[in-house]
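Residue-level listing of the chains:
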Amino acid sequence: MTWRQRIVDFICASSTRVRVVSDPASLLLDEALLALLQEQGIVLLTYEDPLRFRLVYEEDFRMKWDQHQSTPDLVVRTDDFDFHHLPYDLVSRGFRLYLSLGQIFPHLDLNALQDLDSRAFDLILESPRYPRRSLSYEESLVFIMRTLYRVDPELVGNEEDLLALIFRIHSMGFGLPSRLATWLSASLSQHWHNDIMLSEVLTSKEKWQQCLANWSQRNDLLSLQGRYWLKRLGGDDQIGEQKVIVGEETYQGIEEFLHREHIVGLDWIDKAYDMARIYLAAYLGDDSRSEITKDIDRIFYEWVLHQYALMASLPSQPRPKMVHHIPQWISRQDPSVHNRWALVVLDGLSLPEWIYLRQFLPLRWDGCDQWAAMAWVPSITSVSRQAIFSGRIPRAFAGSIYTTQGEEKAWKTFWKEQGMDLYRVLYRNTVDTMTVTDFMQEIDSRDAIVVGCVANMVDDLAHHAQMGMKQILIDLKQWMKDVGWLSQFIKALQDRHFHIVITSDHGHTPVRGIGKPPTGSLSATKGERVQIFGSDTLRRGINHDNRWGIDWPFTHTLPPGTYPLLARAHEAFNTDAQGVSHGSISWEELMVPVVIIW
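These figures come from a predicted structure and were not determined experimentally. (Residues numbered from 1 in each chain as written. Predicted model: local features only at pLDDT ≥ 70, side-chain atom pairs only at ≥ 80, totals over all residues. Heavy atoms only, no water.)

Here we look at the overall build of the protein chain
Here's step 1: When helices and strands are counted, the protein chain shows 26 helices and 19 strands.
Here's step 2: Since a compact globule built from 598 residues should have a radius of gyration of about 25 Å, the 25 Å found for the protein chain is in line with a globular shape.
Here's step 3: Within the span of the protein chain, comprising 598 residues, buried residues form 56% of the whole.
Here's step 4: One way to put it: in the protein chain the 60 positive side-chain charges average out to a point 2 Å from where the 77 negative ones average out. (Helix = DSSP H or I, 4+ residues; strand = E, 2+ residues; numbered from the N terminus. Rg over C-alpha atoms; globule rule 2.2 N^0.38 Å. Buried < 20%, exposed > 50% of the residue type's maximum accessible area, 1.4 Å probe, protein only. Lys, Arg positive; Asp, Glu negative; His and termini not counted. Charge placed at Lys NZ, Arg CZ, Asp CG, Glu CD.)

Here we look at the sheet that holds strand 14 (residues 530-533)
Here's step 1: Reading across from one edge, 13-14-16-15 is the order of the 4 strands in this open sheet, with antiparallel pairing throughout. Strands with a single pairing partner mark the edges of an open sheet, and in this sheet they are strand 13 (523-526) and strand 15 (550-551).
Here's step 2: Here strand 15 pairs with strand 16 (residues 563-566) via 2 bridges, running antiparallel. When the sheet's bridge partners are listed, Ile-550 is paired in strand 16 with Leu-566. (Pairing = 2+ DSSP bridges.)

Thoughts on the sheet that holds strand 2 (residues 42-46)
Here's step 1: The sheet built from 4 strands is open, its strands ordered 2-3-1-4 with parallel pairing. At either end of the open sheet lies a strand with only one pairing partner, and these are strand 2 and strand 4 (95-98). In this sheet, adjacent strand axes meet at a mean angle of 25 degrees when their direction is disregarded.
Here's step 2: In this sheet, strand 3 (residues 73-78) lies alongside strand 1 (residues 18-22) in parallel orientation, the contact comprising 5 bridges. The residue of strand 3 that forms the bridge with Arg-19 is Val-75.
Here's step 3: This element, helix 3 (residues 50-66), spans strand 1, strand 2 and strand 3 of the sheet and lies at about 150 degrees to strand 2. (Axes fitted to C-alpha atoms, helices over the stretch in contact; angles between N-to-C directions. Contact = heavy atoms within 4.5 Å.)

The structure is reproduced here in structure tokens:
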């Protein structure tokens, strides 16, 4: 029996409708475990913000119980051991349970397991070397390194040994927790000779690839090792203005990924940049591997329809997984080190387009972190971009789900809740229509320390791209080279000591028109890839034979009375022969960049 099934059985042993669970190690936030709970008819809510929790609890559970309606069972998790901060009516109704890492790993030091990716727990428990006695903190760390990353820090005796260890860490697919990185750095720093800090190279694949790229230019044994490791990690892919060359190692890695028996959302995020380079190569005319993009589309599509909603339950740390996590992640950075932040949303920028665009930015990429996150469904601006600036799931902004006019208020409300002086919090839409000088004067006049802004140029280019994705790339290149606004904007923010987060609310995908559903005035929105109805009855009346598309099943993530009808893959609700659009659930629409410029 797996550790996940043991926890599910532990929770299901109680027959009460509400279980209140102390879960300081966030065990319940494992995606596969959430799926098992879902199969048992159990919904998880994390108690963080009292008002947001009360909204969902009252509408989805308590009011229905009072009316004798059936609902799924409810698990309310809290990070605290003490339940006294929870509402009395909830605690008095619920059965109390306690979860800890010690229940799963009785012989390992629990501090050594903190922040470890829960996907790695199975490998630890299945290890034939799993200890039968209690290990100390350092012994536990060594065991974890040997088991998960198949390396032994005690055997590192020179620089080549250390480089081999780093390669193994980045090739295993599990991120290295900061606690382990700090310990390794202190233990092995005498073998490290590079300007980039060892702890950063251990935790950032981008910085490791930058080191390898630099070493590959040397004329010694280390250059040969650097080129070999760079190729193995897919770092030999070449991004050019006219052509993208994707190495065989990258293709093989994605092929193996697509044949996995079980894929969770974090797996898609981990592989996002490799997939983006494959899509980008296809945009620029390389159709030799077109079948793999079709496989990605098909498997991702099926995953979204079954597992996507579980992503909303995942935490914003250590990295954002969904776009509404981004302001939450910023707010948890150490203010004594990182005290000025600018969030720049390039509306409509897909991950492949970001990879193309970044070659025109004069940045040192070893000073950046680049991740991926998922946009919200439906992938339209009023839903997904509003989630970014509010730091909330779309269900929380029922009054403005069809408009972006509430973004400034949402942005300032979020930072007010963090105790920020609102005079120093700034929001600006269509910032790319202003001169950089004018906007910087506005920042300086208020001594702003938190800035949120939207640039619309990418989305505008997409909506006018009659010749498809390649035309968007051509227009992006011209915008970057001839206008240079983004480069100037980033430099001006850096001159003012801002840390910058670049992201997007959605991407877009090539489409062909299938005609317009006969909705009349029945739908609240009439997008090309999504139409939203006020009731499921209205939606089924239009789509009763599934002729037009997909009835989005996870309406609980949206405000009551929000029922999207989504277009199928590469289809649009119009009569155009071809074009690009967004609003539905393709990989290109939902996978967006999150770039941190420190």
